[in-house]
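What follows is the residue order along each chain.
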Amino acid sequence: MKKVQINKTRNIGIIAHIDAGKTTVTERILYYTGKSYKLGEVHDGEAVMDWMTDEQERGITITSAVTTCHWNNNEIHIIDTPGHVDFTIEVERSLRVLDGAIGVFCAVGGVEPQSETVWHQADKYDVPKIAFINKMDRIGADFLGTIAMMKEKLDANPLILQLPVGKEDSFSGIIDLINMNQISWDEESLGEKFSTVDIPENMRDKAKEYRENLIEVLADIDDDIMEAYLAEEEIENQRLLDAIRKATINLRLVPVLCGSALKNKGIQPLLEAIIRILPSPVDIPPIKGEHPETGEAIECHARDKDPFAALIFKVSMIEGRKLSFVRIYSGKMKAGSDVYNPSRNKSEKISRIFKMHANKRERLDESGAGTLVGVVGLKDSSTGETLCTREHPVLFEKIEFYKPVISIAIEPKTHSDQEKIDRVLEKFMAEDPTLKVKRDDDTGQTILSGMGELHLEIIISRMLREFKTSVNVGKPQVVYREAIANKAEASVIFDREITGQRHFAEVSLKVSPLERGTGNTFRSDITEDTIPGHFIPAIEKGVMESFESGSLMGYPVTDVAAVLSGGSFKESLGTELGYTVSASMAIKEALSKATPFLLEPIMSVEIFVPEDFVGDVIGDINSRSGKIESLNPKGGTQEIKAIVSLSKMFGYSTSLRSATQGRGTYSMQFSHFDKS
């Protein structure tokens, strides 16, 4: 297989709110690049990238899928990410390893809640972005309105590169403001054929105005363009593209394109923009890591000749085998070679390397810097861990994972299910770091915790489909937090003989409430005379571990300041174990005295409903003790923003469908914890 030069490689993600058309855009890209032989439709359950049965049945993306395609001698690695908030971790870990992203926006809905979430996730990782305003053929499509929302909600600096010709039913093509022509698509060829013609007379003035605006924006941030603009020179298209590319990579601009993926319009210019504007692995700063032992900063450049360094960004269990998705940042990885995992201080063997196409694979002998590949053979390594060589160890920053907000109790239906359940859940947890499992010793039930009702529903469905494991499911339980209302203190002496050694420790602790959302803190106010300094970390460990289970109902404790205020020490009897246990007992006693109370997760809810049903929907939210924050009209529908406690939102999707004759949609994401 001919190797593609690294500067002709693009690693991009497609990100958006649910139902903005991400997967349809990806399917069209695969079709026009020749990767797929037919157009896969989400609504028919035939999308290549939505290969899981649950994805096909529900018409949504659940797991991020990786594929590779080629366009004009360039290799494009694409990750199609989920748009539902329950699967945000899939977006987070994908953006961690991508060089560029396409934000897909619905021309009717504009910038929707999950669009904001994924956009800011991309901002966190400094990922350059292109915006594609999709569904220009839909009733209520508003190209300029969506751009205004991008400025307002995303704090983005959009640069319009295309104008739509017509909208809604009359949307027929786009005007390219760089080449100053109109592109129209042949519907009989499923959009494969397109033609460029002169701009219609009735749109020439508007096109000239927007091209002038484009040049003015570029002149503000590019000195060469500024000089040419002031001298009233004709600026070549290539100079404009070079300036746009530089500004996009430097995160100063977001180029905006438009089209209708479902109607096969606008995809080829989007592919050109991916190649011409978004960065290759050599165009972005080298990834920074550190030496696992010395902490020395290390930069890994995108070069095959450099020492090997890669990051595992996803683990998937396909047909019972562990498949690890890896981004190679520098050096080469060869099938059959050994690699080193510095997080676990272990060597692993790379059995096979694959180029991925959703759930299909193509064997590779080796892969170089700047690529996204699938790897089989890694037994112990998991998501967020680094792979490198023992001779040149490096440790990259781990991926942050979200904490679950909802739990259900599950019990196996049969004895054979009982034997399989632990093994099956272990595989799911290896795949999904936001899924947590614990056993309730009092009830004997297994407690499954996740990011939302849909998240847990999918897990239960996959247990049955993929592993033939049936379970009974208990009512969802909210994962609360505990906080305290007052200050308190406690002092505990621990003096006990364990396995022939006497352990002595006395610890006095004070606790006080902190502002909501602050988290927990610990500090010591004592001197070396009271307790030697080398025991303080053991005391802090005892305190922080005890915060994991509160005194009220055993939920994690938050927003508490713990202060070590006193204690005592006996020569030769003081031990780390003694101080850890003493601190743990003291903090539990202090918390129980400090008037503990429950905090429950409060959700930010956005509901889109036709005008006729607004009253019924608001009434339903009020009956759930929710607070309506705003009502915004959006092209024949109303956007209702509300704050509601999670415990009151169980089964809401059914209620909304009933109240709106199936025409209402909503999204929900965690906002904050507050007093229940």
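Computed from a prediction, not measured in an experiment: that's the story for all the values here. Along each chain, the written sequence defines residue order, and numbers are assigned to residues from 1. Only residues with pLDDT of at least 70 are given local features in this predicted model, and only at 80 or more are side-chain atom pairs given and counted; all residues enter the totals for whole chains, interfaces and linings. Hydrogens and waters are ignored; side-chain quantities use all the structure's heavy atoms.

**Notes on the overall build of the chain**
Per the convention used, a helix needs a DSSP run of H or I reaching at least four residues, while a strand needs a run of E reaching at least two, with both numbered from the N terminus. Assigned secondary structure in the chain consists of 15 helices and 38 strands. Taking 26 Å as the expected radius of gyration for a compact globule of 676 residues, we find that the chain reaches 28 Å, a close match to that expectation. Each principal axis of the C-alpha atoms in the chain carries an extent, and together these give about 90 × 65 × 60 Å. We call a residue buried when its accessible area falls under 20% of the maximum for its residue type, exposed when it is over 50%, and partly exposed in between, using a 1.4 Å probe and counting protein chains only. The buried share of the chain, reckoned over its 676 residues, is 56%. Here, two residues are considered to be in contact whenever any of their heavy atoms come within 4.5 Å of each other. Put simply, 72% of the contacts in the chain that link residues at least 6 apart link residues at least 24 apart. Counting every atom, the chain has about 30,000 Å² of accessible surface; 46% of that belongs to carbon and sulfur. Separation between the mean location of the 81 positive side-chain charges and that of the 103 negative ones in the chain comes to 5 Å. Radius of gyration here is computed from C-alpha atoms only, and the compact-globule reference equals 2.2 Å multiplied by the residue count raised to the power 0.38. What sets the accessible areas is the Shrake-Rupley method with a 1.4 Å probe; for residues, cover comes only from the shown protein chains. We score Asp and Glu as negative and Lys and Arg as positive, and we do not count His or the chain ends. For charged residues, the charge sits on one atom: NZ in Lys, CZ in Arg, CG in Asp, CD in Glu.

**Comments concerning the nonpolar core**
By size, the foremost hydrophobic cluster in this structure holds 75 residues, and its most contacted members are Ile29 and Ile274. Filtering out sequence-adjacent residues up to four positions away, isoleucine 29 remains in contact with Ile14, Cys69, Ile78, Ile267, Leu270, Leu271 and Ile274. We define a nonpolar core as any set of buried Ala, Val, Leu, Ile, Met, Phe, Trp, Tyr and Cys residues linked to one another through side-chain atoms lying within 4.5 Å. Core analysis: the next-biggest nonpolar cluster, separate from the first, contains 36 residues, Leu598, Met603, Val605 and Leu646 among them.

**Focus: a positive patch on the surface**
Here the term patch refers to residues with relative accessible area over 30% and no salt bridge, with like charges joined within 9 Å and nonpolar side chains (Val, Leu, Ile, Met, Phe, Trp, Tyr) within 5 Å. Salt bridges, as used here, are contacts in which a Lys or Arg side-chain nitrogen is within 4 Å of a carboxyl oxygen on Asp or Glu. A contiguous patch of positive charge, built from Arg321, Arg352, Arg361 and Arg363, is present on the exposed surface. By secondary structure assignment, the location of arginine 363 is in strand β20 (residues 360-364). Under the relative-accessibility criterion, arginine 363 is labelled exposed at 54%.

**Some remarks on the pairing of strand β15 (residues 321-330)**
Across the 10 residues that make up β15, a large majority, 9, are buried. Bridge count for β15 against strand β22 (residues 372-376) is 5 bridges, and the pairing is antiparallel. Bridge pairing links leucine 323 to valine 376 in β22. Strand pairing is defined by DSSP finding a minimum of two bridges between the two strands.

**Quick notes on helix α7 (residues 223-230)**
One side-chain oxygen of the residue at the start of α7 lies 3.0 Å from the amide nitrogen of aspartate 224, identifying that residue as aspartate 222. A positive phi of about 55° marks glutamate 232, the residue just after α7. Under the rule applied, a polar contact is a pair of N or O atoms within 3.5 Å (in protein, one hydrogen donor and one hydrogen acceptor; residues adjacent in sequence only if both atoms are side-chain atoms).

**Considerations on the pattern of salt bridges**
The final tally for this structure, using the stated rule, is 20 salt bridges. The partner of arginine 303 in a salt bridge is aspartate 306, with the nearest N and O atoms 3.1 Å apart. Measuring nitrogen to oxygen at the nearest pair gives 3.5 Å for the salt bridge that ties lysine 641 to glutamate 606. Here glutamate 606 lies in strand β35 (residues 596-610) and lysine 641 lies in strand β37 (residues 637-645), a separation of 35 residues in the sequence. One network of salt bridges, with partners in common, ties together Arg344, Glu385 and Lys398.

**Section: the side chain of glutamate 75**
Position of glutamate 75 relative to the elements: it lies in strand β3 (residues 74-80). At 3.0 Å, the side chain of glutamate 75 and the side chain of histidine 70 are in polar contact. A polar contact is formed between the side chain of glutamate 75 and the side chain of histidine 77, at a distance of 2.8 Å.

**Focus: the sheet that holds strand β12 (residues 287-290)**
Here we have 3 strands laid out as an open sheet, ordered β13-β12-β24, and antiparallel in their pairing. Looking at the sheet topology across the chains shown, the edges are occupied by β13 (297-300) and β24 (395-396). As judged from the 2 bridges shared by β12 and β24, these two strands associate in the antiparallel manner. Its bridge partner lying in β24, glutamate 290 is registered against leucine 395.

**Some points on the state of the cysteines**
Disulfide: a pair of cysteine sulfur atoms within 2.5 Å of each other. On inspection of all chains with the given rule, the structure shows 0 disulfides. Take cysteine 106: it sits in no disulfide, and the sulfur closest to it among the cysteines is that of cysteine 258, at 13 Å. For cysteine 106, a relative accessible area of 6% puts it in the buried group. Note on cysteine 388: no disulfide assigned, nearest cysteine sulfur contributed by cysteine 300 at a separation of 8.6 Å.

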